[in-house]
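Below, each chain spelled out in residue letters.
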Amino acid sequence: MSDGALILLIFGAGLVGFATERIRHDLVALLMLAASVLLGLVPAAKAFSGFGDPAVITVAAVMVLSAAVSRSGMLERLLRPLQPLLSREAGIGIVYALLCGAASSVMNNVGALALLLPAALGSCRAAHVSPSRVLMPMAFASLLGGLGRGGQVRLGGPSRYKPLTMAASRFARTVSKNFSVVIQA
């Protein structure tokens, strides 16, 4: 069987695994990687090299910061004056789209979404609104906000992200030296 057919087979099996949700998504991704290595499609020495990419480390760092902001309750306190608007679907969509667009005009699009995501989901839950009705406008607003800073929508590319990327790299090196880490894909 050709390499292309094997890759298609692995991706097909992965899609089935993701869609059925019988196995955790991170485990499905690792099984796909293991299959690629075992079949010789990916050299074993390079199997985990993608986790060292600055974009991956930046996204991981943003997710950690997002969880910290969510647990601190800081964003919810800042949004208290807007509570009357956050009781209806239209208000939730408008408020979070504007916030996301404004945030992504000065920072990474993924970072802006990640920072606002927990609060947006909490507002949706409280108002009994489907998150999909709010998340798509947020994603579009993030893209538009990113265009306002010159269309730089790359992860970890512009110089203003270098300090975060460098700090995340130092953190990852420290953790990998001192602990056995299982990275979720």
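Above this text sits the structure in question.
Here's a quick rundown of the structure. (Residues numbered from 1 in each chain as written. Predicted model: local features only at pLDDT ≥ 70, side-chain atom pairs only at ≥ 80, totals over all residues. Heavy atoms only, no water.)

1. Remarks on the overall build of the chain
For the chain, the count of helices and strands is eight helices and zero strands. Scanning the chain from its N terminus toward the C terminus, one meets helices and strands in the order α-α-α-α-α-α-α-α. For the chain, the proportion of its 185 residues judged to be buried stands at 31%. Across the chain, contacts joining residues at least 24 apart in sequence account for 61% of those joining residues at least 6 apart. When the accessible surface of the chain is totalled, it reaches about 11,700 Å², and 69% of it is carbon and sulfur. (Helix = DSSP H or I, 4+ residues; strand = E, 2+ residues; numbered from the N terminus. Buried < 20%, exposed > 50% of the residue type's maximum accessible area, 1.4 Å probe, protein only. Contact = heavy atoms within 4.5 Å. Areas by Shrake-Rupley, 256 points an atom, 1.4 Å probe, with all protein chains shown as cover.)

2. Examining the packing of aromatic side chains
One pass over the structure, following the stated rule, counts one aromatic pair. Ring centres of Phe 48 and Phe 51 lie 5.9 Å apart, and the angle between their planes is 20°; this geometry places the pair in the stacked category. Note on Phe 48: relative accessible area 52%, which makes it exposed. (Phe/Tyr/Trp six-rings, centres within 6.5 Å; stacked < 30°, edge-to-face > 60°.)

3. Some thoughts on the packing of helix H1 (residues 3-20) against helix H2 (residues 25-38)
Across the interface, H1 lies against H2 with an axial gap of 9 Å and an inter-helix angle of 165°. Overall, the two elements H1 and H2 adopt an arrangement that is roughly antiparallel. Helix-helix and strand crossings are classified by hand; for H1 and H2 the assignment is right-handed. Residues Ile 10, Phe 11, Gly 14, Gly 17 and Phe 18 of H1 form the contact with H2, whose participating residues are His 25, Val 28, Ala 29, Met 32, Ala 35 and Ser 36. (Axes fitted to C-alpha atoms, helices over the stretch in contact; angles between N-to-C directions. Parallel < 35°, antiparallel > 145°, perpendicular 65-115°, else oblique. Left-handed = near helix turned anticlockwise from the far one by under 90°.)

4. Side note on the packing of helix H6 (residues 109-127) against helix H7 (residues 132-147)
Packing of H6 against H7 leaves a shortest axis separation of 10 Å and a crossing angle of 155°. Considered as vectors, H6 and H7 are oriented roughly antiparallel to each other. The handedness of the crossing between H6 and H7 is right-handed. Taken together, the residues of H7 that come into contact with H6 (itself represented by Asn 109, Leu 113, Leu 116, Leu 117, Ala 120, Leu 121 and Cys 124) are Val 134, Leu 135, Met 138, Ala 139, Ser 142, Leu 143 and Gly 146.

5. Considerations on a nonpolar patch on the surface
A cluster of nonpolar side chains, Ile 23, Leu 27 and Leu 31, forms an exposed patch at the surface whose accessible area comes to about 250 Å². On the secondary structure map, Leu 27 appears in helix H2. Residue classification places Leu 27 among the partly exposed residues on the basis of a relative accessible area of 42%. (Patch = residues over 30% accessible without salt bridge, like charges linked within 9 Å, V, L, I, M, F, W, Y side chains within 5 Å. Salt bridge = Lys/Arg side-chain N within 4 Å of Asp/Glu carboxyl O.)

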